[in-house]
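These are the residues of each chain, in order.
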Amino acid sequence: MERFYIFKDGTMQGSTATKESAVDFIRQYQRQETHPFLRAEFSIIKGEEEFIPYPSQKKAPKRKDAMER
């Protein structure tokens, strides 16, 4: 799934499904800025989101050779 990740001063603030909603997200943050010297830098990174599942928790069956020791 394609996502747009929003960064404020190098820290991830969130992600959205479209570029337009990412820009809207940034504009909301910019409206909250109170002083010109304190303005943050925003960036957007377009990327693929991929979920990596944990490996199976099933234990491998023990061999009889190892159990005899």
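Everything that follows concerns the structure shown earlier in this document.
Remember, predicted model here, so these are calculated numbers, not experimental data.

Procedures and definitions
- Residues numbered from 1 in each chain as written.
- Predicted model: local features only at pLDDT ≥ 70, side-chain atom pairs only at ≥ 80, totals over all residues.
- Heavy atoms only, no water.
- Core = buried A, V, L, I, M, F, W, Y, C linked by side-chain atoms within 4.5 Å.
- Buried < 20%, exposed > 50% of the residue type's maximum accessible area, 1.4 Å probe, protein only.
- Helix = DSSP H or I, 4+ residues; strand = E, 2+ residues; numbered from the N terminus.
- Contact = heavy atoms within 4.5 Å.
- Phe/Tyr/Trp six-rings, centres within 6.5 Å; stacked < 30°, edge-to-face > 60°.
- Pairing = 2+ DSSP bridges.
- Axes fitted to C-alpha atoms, helices over the stretch in contact; angles between N-to-C directions.

J.: Any chance you could explain the nonpolar core here in plain terms?
T.: Buried together is how nonpolar side chains tend to be arranged in soluble globular proteins. Membership of the largest hydrophobic core is limited to six residues, which are F4, I6, A22, I26, A40 and F42. Taken together, the elements giving at least two residues each to this core come down to β1 (2-8) and α1 (19-31). Among all residues touching I26, those that are not within four sequence positions of it are I6, F42 and I44.

J.: What exactly am I supposed to notice about unusual backbone geometry here?
T.: Backbone phi values are negative for most residues with the exception of glycine, while trans is the configuration of most peptide bonds. Despite not being glycine, D9 has its phi angle at roughly 50°, a positive value. Its location among the elements puts D9 in the loop between β1 and β2 (11-16).

J.: Help me understand the packing of aromatic side chains, please; the structure alone is not making it clear to me.
T.: In this description, an aromatic ring pair is defined by two values, namely the gap between the centres and the angle between the planes. Counting across every chain of the model gives two aromatic pairs. Residues F25 and Y29 carry aromatic rings whose centres are separated by 5.3 Å and whose planes lie at 50° to one another, so their mutual orientation is tilted. Of the two residues, F25 and Y29 both sit in helix α1, four residues apart, roughly one turn of that helix. On the basis of relative accessibility, which here comes to 23%, the residue F25 falls in the partly exposed class. Between Y29 and F42, the aromatic rings sit 6.0 Å apart at their centres with planes inclined by 50°, giving tilted as the arrangement.

J.: Teacher, can you tell me more about the sheet that holds strand β3 (residues 42-48) here?
T.: Read across the sheet, three strands follow the order β2-β1-β3 without closing on themselves; strand pairing throughout is antiparallel. The open sheet is flanked by β2 and β3, the only strands paired with a single partner. Sheet twist, expressed as the mean angle between neighbouring strand axes with direction ignored, is 30°. As defined by bridge partners, β1 adjoins β2 across five bridges and the pair is classed as antiparallel. Residue pairing across strands places F4 opposite T16, the latter belonging to β2.

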